[in-house]
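Examining the three-dimensional arrangement
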Amino acid sequence: MTDVPTTVRSLLDAAQLKMSEEEFQLFVRMYPALRTGADSMYIAETRYEEPALVFDPSWKDFA
Amino acid sequence: MTEIPLTIKKAAAALRDGQITSVDLTQALLDRINHLNDQLGAFIAVTGDSALAAARQADADLHRGIDRGPLHGIPIGVKDIIATRDAPTTANSHILDRNWGAHWDAPVVERLRNAGAVVMGKTVTSEFACGSPDPDNGFPIPRNPWNLEHSAAGSSAGSGIAVAAGLVLGALGTDTGGSVRAPAAANGHTGLKVTFGRVPKYGCVPLGYSLDSIGPMARTAWDCAAMLGIMAGFDPRDPTAADEPVPDYTASLNGKVAGLRIGVPTSYFFDAPELSPEVKSAVLQGIDQLKAAGAIVREVTIPHADIAKIANNVTWAGEAFAYHRDDLRERWSLYGRFTRPMLARGALLNGADFIQAQRVRSYFQRSVAAVMSDLDVLITPTSTTPAEKAGDVDMTRRLLGVSYTGMWNLIGLPALAVPCGFSSDGLPLSMQIVGKPFDEATVLRTGDAYQRLVQWQLSVPPIAQAVAA
């Protein structure tokens, strides 16, 4: 498994984002919590859930 | 001239009673802006000449018996990410094309002008409605009128300050994860995040395409209702605008909450260690007051509210990064230093994360619909704490920490921030009333009924009292 700075560098390079070393370190500090947060979304309750790609706030399907 | 009314409702009555003219009101508020704006950083552009012209027209109309409704002759502000014909739209950024939105009104502004509202200018926003103020970026720094050392929150900070300090009687904000409600809470007034699609957002710079909404910010729920009645309704230029009927929102404000079913989600919303005891106490007291007035209150559980809040963040991170990616590549340093990490973090997430956020959205919408099937509204705190000291604001921490607003954007629900007290050091406290989709009427009725029991919404910051005197 790659270390956090290497992962972050790869992701930012892939996006072609160029920044100072100080800013890069900010992303390195941010990344673990961001990744943990994103991973926490994969909850069991969504196992068979369809994504809301066409969003309708009306609740008409739940009436 | 008579004393300047605090609210749209009172000003509208005074205009019709002949106690005040729109020109007098507009000029008095322009004078206040002139006195206070350097300290408060509320406006980036003031359109005094066109405001006075609109005020003269309003006075002439009313004199001839032409009455365009409660906003006729009322001074308002417009957040600087919404197009207005008489002032540039900058998004408080050096990035946005200076021709964007030039010389035309967004539909929501057009509707307000057609209703006789007097647009006073563009209010300060966090850059592109995200991030924190950057003193090196050349734009005004918004400051909390209750304590200049504290944050005015964001992103609709200028609109919040302008309403709280009495520089305008109403303003437009936008809300993607709390950007109407957070400044309403920090600055001590009322602010409504509307149902997604309720108000057309064509002519507004996007942040999160599937989350953004334009909402009214004003001192009271009644004033927000009056604004929303004009702002709401379908517009084909916004593909997400809802073709739903627009009720008479002020007509539903009868002060009655007898039988109103209120859900109080204790878990996450009231038991988080980050929640200030003062905020918690004030919100619970507000709920008790509604209960004493006849509301039926019961504890409920909103499952995975914390995950829904994260899904909101992941969604807008992806949507905002799509909008900004090329500019971030090519003009990184032109963005503010606090904006860059907020927008570029979208590069650290992947497509599956975005889709999973939309699966959480489906799940959470279904879950909340079930919880609210026998409720009318939910009540929570708006923010975990009173306004932080400006230097203590850490957007990254805020994104990753407990928050009570973004999950409602995820599923598009209306939510009203209502002042409910003051902290021991004199900063406003706020509670949030969340309703069912397109049921702003019940949310506003609840807020209005509460505001008939209390006076918090009429409190004026000392800095504004000094100028008024």
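Coordinates for the structure precede this section.
Below you will find a few notes about this structure. Predicted model only: the values in this text are computed from it and were never measured.

Attention now moves to the overall build of chain A. Within chain A one finds 2 helices and 0 strands. Expected size for 63 residues packed as a compact globule is a radius of gyration near 11 Å; at 18 Å, chain A overshoots this value by more than 25%. Projecting the C-alpha coordinates of chain A onto the three principal axes gives extents of approximately 55 × 25 × 15 Å. For chain A, buried positions account for 21% of its 63 residues.

This part is about the interface of chain B and chain A. Taken together, the contact pairs 38 residues of chain B with 33 residues of chain A. For the side of chain B that touches chain A, the secondary structure elements donating two or more residues are helix H10 (305-330), helix H11 (339-344), helix H12 (351-371) and helix H13 (395-400) of chain B. Looking at the side of chain B that touches chain A, the element that brings in the most residues is H12 of chain B, giving 13 residues. Split by residue class, the side of chain B that touches chain A holds 20 nonpolar, 10 polar and 8 charged.

Here we come to the packing of helix H2 (residues 22-40) of chain B against helix H3 (residues 48-63) of chain B. Residues and elements named next belong to chain B. As a packed pair, H2 and H3 sit with axes 8 Å apart at the nearest point and diverge in direction by 160 degrees. Considering their axes alone, H2 and H3 lie roughly antiparallel with respect to each other. From H2, Ser 22, Val 23, Thr 26, Gln 27 and Leu 30 reach across to H3, where they touch Gly 48, Ala 51, Leu 52, Ala 55, Arg 56, Ala 58 and Asp 59.

Glancing now at the sheet that holds strand E4 (residues 170-175) of chain B. Residues and elements named next belong to chain B. Taken in spatial order, the 11 strands make up an open sheet running E1-E3-E2-E4-E6-E5-E10-E11-E9-E7-E8, and their pairing is mixed. Of all strands in the sheet, those bounded by a partner on one side alone are strand E1 (43-46) and strand E8 (296-300). Direction aside, neighbouring strands of the sheet carry axes that sit 30 degrees apart on average. Pairing of strand E2 (residues 75-79) with strand E3 (residues 118-123), which is carried by 4 bridges, proceeds in the parallel orientation. Paired with Ile 76 across the bridge in E3 is Val 119. Those strands touched by helix H5 (residues 157-164) are E1, E2, E3, E4 and strand E6 (213-218), and its axis lies near 150 degrees from that of E4.

Criteria and thresholds
Residues numbered from 1 in each chain as written. Chains lettered and ligands numbered in written order. Predicted model: local features only at pLDDT ≥ 70, side-chain atom pairs only at ≥ 80, totals over all residues. Helix = DSSP H or I, 4+ residues; strand = E, 2+ residues; numbered from the N terminus. Rg over C-alpha atoms; globule rule 2.2 N^0.38 Å. Buried ≥ 20, exposed ≤ 12 C-beta atoms within 10 Å, placed from the backbone. Contact = placed C-beta atoms within 7 Å. Nonpolar A, V, L, I, M, F, W, Y, C, P; charged D, E, K, R; others polar. Axes fitted to C-alpha atoms, helices over the stretch in contact; angles between N-to-C directions. Parallel < 35°, antiparallel > 145°, perpendicular 65-115°, else oblique. Pairing = 2+ DSSP bridges.

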